[in-house]
Amino acid sequence: VMGAGERPAISIRRNRFPQMFLPTLVELGTVSEHAARFLQAAVQSRCNPAIVGPNGAGKTTLLRALVNVIDPTERLITVERALELGLRRHPDLHPNVVEWEMVLPDADGRGGISMAALVQRSLRADPSRVIVGEVLCPEIVTMLNAMSQCNDGSLSIIHARSSLAVLDRIASYAAQSDGLEFAVTHSLIAGALDFVVYIAKNPLADGARCVTEVREIAGFDGERAVTSEVFTASPSDGRATRSEYALTAAHRAQLESADYTDTSWYVGAAV
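Here we summarise the structure given alongside this text. It should be emphasised that the depicted structure is a prediction, and the values quoted were computed from it without experimental measurement. (Residues numbered from 1 in each chain as written. Predicted model: local features only at pLDDT ≥ 70, side-chain atom pairs only at ≥ 80, totals over all residues. Heavy atoms only, no water.)

Overview of the nonpolar core
Then comes step 1: Ranked by internal contacts, the top residues of the largest apolar core, which has 40 residues, are Phe38 and Leu255.
Then comes step 2: For this core, the secondary-structure elements that each account for two or more residues are helix H1 (22-28), helix H2 (33-44), helix H3 (59-67), strand S5 (155-159), strand S6 (195-202), strand S7 (208-220) and strand S8 (225-233).
Then comes step 3: Element by element, the count of residues in this core is highest for H2, at 7 residues.
Then comes step 4: Among the nonpolar cores identified, the runner-up in size contains 34 residues, and Ala50, Ile77, Ile113 and Cys137 belong to it. (Core = buried A, V, L, I, M, F, W, Y, C linked by side-chain atoms within 4.5 Å. Buried < 20%, exposed > 50% of the residue type's maximum accessible area, 1.4 Å probe, protein only. Helix = DSSP H or I, 4+ residues; strand = E, 2+ residues; numbered from the N terminus.)

Following this line, the structure appears as structure tokens:
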């Protein structure tokens, strides 16, 4: 019930690109050609990448482009707070899609179904992949467990201000929702995620949305996930360019199965 003088407010999220493909993102300058080949191979070889960035950075658009390199024979389940991906609108690309949306409880706290419950139920629905539109506190541990146990090839979106900061953001979510210790969550991250893809408005490209970093999750040192920034922001235009850090042998072999050949075999220290 609104008080005197109050007016309703409506927020409309209008997406400029209801459909997107990696070659188009290359043409727009959002991602470099090399980074696009890398990301395509990561998805097709069933790595688990997380798309990370601030609000309005283009995370959902990038997720659509990555989903569109998945073989159309695969069964996809999307879990979202509000349906935005719209994969069922394109049955020629993804004929076998199940879209699930969170439902809030009523004013008395009855009913509803949470993101965490949907992620858990998705594992019983025989998915080829589970795609989580936006990961927040309650479902983070469920999602990480699902990725580490049986759901290779899953994709997700997480809000964070850098590819490295997202690790502690996840640990904070896990502590709030499940009381997990910092090191326990980092061990889950190391077993669940393969790459973190960071996209943001790029000041070196007049504020255009660009993929600027790709970080590999390379293991666990007993306290935190070990990572290397395998694509880093170019000093000339801010877009992601291949760094000197070598991929781990396991990820290298996985990407090669999708015809990606990495010529950067330098030895670099993970962080």
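Some points on the sheet that holds strand S1 (residues 49-53)
Then comes step 1: One open sheet accounts for 9 strands, arranged S3-S2-S4-S5-S1-S6-S7-S8-S9; its pairing is mixed. In this open sheet, the two edge strands, each paired with only one partner strand, are strand S3 (97-101) and strand S9 (240-242). Between one strand axis and the next, the sheet turns through 30° on average, direction left out of account.
Then comes step 2: Bridging between strand S2 (residues 76-80) and strand S4 (residues 129-132) involves 4 bridges; their strand directions are parallel. By the bridge assignment for S4, isoleucine 77 is matched with valine 130.
Then comes step 3: Most of the contacts of helix H4 (residues 115-122) go to S2, to which it runs at about 170°, and overall it touches S2, S3 and S4. (Pairing = 2+ DSSP bridges. Axes fitted to C-alpha atoms, helices over the stretch in contact; angles between N-to-C directions. Contact = heavy atoms within 4.5 Å.)

What about helix H7 (residues 182-192)?
Then comes step 1: Here H7 has its buried residues at Thr185, His186, Leu188, Ile189 and Ala192. Each buried residue of H7 lies within a common arc of 155° when the element is viewed along its axis, so the set occupies one face. (Arc of directions from axis to C-beta.)

Description of the pattern of salt bridges
Then comes step 1: Per the counting criterion, the structure on display carries 8 salt bridges.
Then comes step 2: Where arginine 46 meets glutamate 74, a salt bridge forms, and the shortest distance between an N and an O atom there is 3.0 Å. Of this pair, arginine 46 sits in the loop between H2 and S1 while glutamate 74 sits in the loop between H3 and S2; the two residues are 28 residues apart in sequence, bridging distant segments of the chain.
Then comes step 3: When the shortest N-O distance is used, the salt bridge between arginine 81 and glutamate 139 registers 3.0 Å. Of this pair, arginine 81 sits in the loop between S2 and S3 while glutamate 139 sits in the loop between S4 and helix H5 (140-149), and the two are 58 residues apart along the sequence.
Then comes step 4: Taking the relative accessible area as the measure of exposure, glutamate 139 reaches 1% and is therefore buried.
Then comes step 5: Through salt bridges with shared partners, one network takes in Arg46, Glu74 and Arg129. (Salt bridge = Lys/Arg side-chain N within 4 Å of Asp/Glu carboxyl O.)

Concerning the packing of aromatic side chains
Then comes step 1: Per the stated rule, a full pass over the model turns up 3 aromatic pairs.
Then comes step 2: Here the aromatic residues Phe38, Phe195, Phe231 and Tyr260 are joined through ring pairs into a cluster of three or more. (Phe/Tyr/Trp six-rings, centres within 6.5 Å; stacked < 30°, edge-to-face > 60°.)

Quick look at the environment of valine 26
Then comes step 1: Here valine 26 shows up in helix H1.
Then comes step 2: On the basis of relative accessible area, valine 26 is assigned to the partly exposed category, the value being 28%.
Then comes step 3: Apart from residues no more than four positions distant in its own chain, valine 26 is found in contact with Val31, Ser32, Glu33 and Ala36.

Focus on the side chain of histidine 159
Then comes step 1: Following the sequence through the fold, histidine 159 ends up in strand S5.
Then comes step 2: By relative accessible area, histidine 159 is classed as buried at 15%.
Then comes step 3: Every residue in contact with histidine 159, bar those within four places of it in the chain, is listed here: Gly53, Pro54, Asn55, Lys59, Glu134 and Arg169.

Quick word on the packing of helix H6 (residues 165-178) against H7
Then comes step 1: Where H6 contacts H7, the axes come no closer than 9 Å and their chain directions differ by 120°. Classed by the angle they form, the pair H6 and H7 counts as oblique. The interaxial crossing formed by H6 with H7 has right-handed handedness. Side by side, H6 and H7 meet where Leu167, Asp168, Ile170, Ala171 and Ala174 of the first sit next to Phe182, Thr185, His186 and Ile189 of the second.
Then comes step 2: Partitioning the contact of H6 with H7 into residue classes produces 6 nonpolar, 2 polar and 1 charged. (Parallel < 35°, antiparallel > 145°, perpendicular 65-115°, else oblique. Left-handed = near helix turned anticlockwise from the far one by under 90°. Nonpolar A, V, L, I, M, F, W, Y, C, P; charged D, E, K, R; others polar.)

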